[in-house]
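Fold and contact review
Here's the letter readout for the chains.
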Amino acid sequence: MKTLGILGGGQLGRLLARAARDLGWRTAALDPVPDSPALQVVDEPMVGAVDDPEAAKRLARVSDVVTLEWELIPAPVLEEVAALRPLYPKPSVLAVIQDRLTQKRFLEAGGFPQAPFAEASSVKDLPHYPVVVKRRRHGYDGKGQARLAGPPDPEAAAALFAAPCVREDLVPFDKEVSVILTRGRDGRTTVFPVAENLHRGGVLHATRAPAEIPPETAAAAVELALKAARALDMVGTMAVEMFLLPDGRLLVNEIAPRVHNSGHYTLEACATSQFEQHARAVCGQPLGPVDAEGPAVMVNLMGELWEKGEPDWSLLEDVPGLTLHLYGKSAARPGRKMGHYTVVGADAVEEWLRADERLAALRRA
Ligand code: AMP
């Protein structure tokens, strides 16, 4: 039996490991936290930092193929892993993505539409407001970024510019959409239905698929994502997040070279999930069909819901087409993704509108 090694032990790794096991692979995962979501379910849990080359090489040695669930693992560590075992996506993909400025320049060189941007290392580099400032590295889920309506006070500016940043124009978007696709080692690619995303505080709140956008806009979004995957020589599942402007134009926001939160709906809604498809791609198995059986809605369950204790899940029992996923995280902290639920079928669109009502009911009074 062959082993798929996963760098990172979060919920993405957990769902990926389960899919890989269903395909007949053993699984191993590396994470610093012994009871992290993925380490609970893999055949070979390994405790260690994913940015420690020695720990990453230990994972590689017990694996036949290595992949990752977190794109911020330093490129030099990935190079060392790739020298030992096939690693997908390749370190070259991550090297482009990890630094927002490099990513934006890559997209610019490829002619992809995006918000005007520039390098920014101090307030002097902010010529106008409003503006969005993002750390070049290690920012995700809205962390390490700020939306500025006017010049920040010196203290806030010092905190923001403690590390190199990029600035970009604030985009007055109508909607946010993401395209999730999977590219095999042979370049064959499948694309999931385009998803529409709602963020709260920079963090994904809910996704619906298919996105409520004109078919030609969906086709244009898919085209951009396919072009990005080819340009990167991506292998595996990847997400391209985009802004849809009121005039119908799409701007690329960012690329995640991994399975993505906005693709969780594929677990229930598609013939092959984003996780299974990723495992198939990196393990060199034929990709599966990705047709959706109908509309789907996914809602994230954040740590805030646990404020007054474990939510009362029985409230979800009678919702037709609803599946609850919990990630096995021991401590619920605000801002932490603890689980999600997906609703497929006739009620999905209504559930998109009812998400807040459901969450309010789940939060114990
Ligand atoms: P990011 O980490 O770049 O995906 O940003 C997280 C979220 O912040 C996005 O999904 C948007 O909701 C919002 N956001 C990021 N950049 C911009 C921008 N330039 N204009 C408007 N909203 C933005």
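Residues numbered from 1 in each chain as written. Predicted model: local features only at pLDDT ≥ 70, side-chain atom pairs only at ≥ 80, totals over all residues. Heavy atoms only, no water.

Further remarks concern unusual backbone geometry. Residue Pro89 is reached from Tyr88 by a cis peptide bond, and omega for that bond is -5°. Its place among the elements puts Pro89 in the loop between α3 (75-84) and α4 (91-97). Tyr129 connects to Pro130 through a cis peptide bond whose omega is 0°. Here Pro130 lies in the loop between β5 (117-120) and β6 (131-135). (Helix = DSSP H or I, 4+ residues; strand = E, 2+ residues; numbered from the N terminus.)

What follows is about the pattern of salt bridges. Under the counting rule described, the total for this entry stands at 23 salt bridges. Among the ionic pairs, Arg208 bridges to Glu212, the shortest N-O distance being 3.6 Å. The structure contains a network of salt bridges with shared partners spanning Asp99, Arg105, Glu119 and Arg136. (Salt bridge = Lys/Arg side-chain N within 4 Å of Asp/Glu carboxyl O.)

With that out of the way, let us pick up the site of the ligand. Near the ligand there are 16 residues, and of these Lys134, Glu168, Val171, Glu176 and Glu254 occur at the shortest range. Arg147 is positioned with one of its side-chain polar atoms (N or O) 3.4 Å from a nitrogen atom of the ligand. Here a nitrogen atom of the ligand and a backbone polar atom of Val171 are 2.8 Å apart. When the free accessible area of the ligand is taken as 470 Å², the share hidden by the protein chains comes to 95%. (Near = heavy atom within 4 Å. Polar contact = N/O pair within 3.5 Å; in protein donor to acceptor, adjacent residues only side chain to side chain. Areas by Shrake-Rupley, 256 points an atom, 1.4 Å probe, with all protein chains shown as cover.)

A separate point is the nonpolar core. Residues Leu7, Met238 and Met242 are the most contacted members of the largest nonpolar core, which totals 45 residues. Here this core takes 9 residues from helix α7 (residues 215-232), the largest share from any one element. Counting contributing residues per domain, this core is built from domain 1 (3-87) and domain 3 (175-364), each supplying no fewer than three. Once residues within four sequence positions are removed from consideration, Leu7 is found in contact with Leu30, Val50, Ala56, Leu59, Val66, Thr67, Leu68, Glu69, Trp70, Ile73, Leu78 and Leu87. (Core = buried A, V, L, I, M, F, W, Y, C linked by side-chain atoms within 4.5 Å. Buried < 20%, exposed > 50% of the residue type's maximum accessible area, 1.4 Å probe, protein only. Domains from an automatic or database assignment. Contact = heavy atoms within 4.5 Å.)

Next up on the list: the state of the cysteines. Using the criterion set out here, one finds 0 disulfides in the structure. A disulfide-free cysteine, Cys270 has its sulfur positioned 20 Å from the sulfur of Cys283, the nearest such atom. Look at Cys270 and you get buried, because its relative accessible area is 6%. Look at Cys283 and you get buried, because its relative accessible area is 9%. (Disulfide = S-S within 2.5 Å.)

This part covers the pairing of strand β1 (residues 3-7). With 5 of 5 residues buried, β1 lies mostly within the body of the structure. Covered by surrounding structure in β1 are Thr3, Gly5 and Leu7 together with Leu4 and Ile6, the residues of both alternating faces. Relative to strand β2 (residues 26-31), β1 is paired through 5 bridges, and the arrangement is parallel. What sits directly across from Leu4, in β2, is Thr27. In the classification by handedness, the crossover that spans β1, the intervening helix α1 (residues 11-22) and the parallel β2 is right-handed. (Pairing = 2+ DSSP bridges. Right-handed = clockwise from strand over helix to strand, strands pointing away.)

It is worth spelling out the domain arrangement of the protein at this point. Domain boundaries assigned for the protein yield domain 1 (3-87), domain 2 (116-169) and domain 3 (175-364). Taking only C-alpha atoms, the centre of domain 1 and the centre of domain 2 are 33 Å apart.

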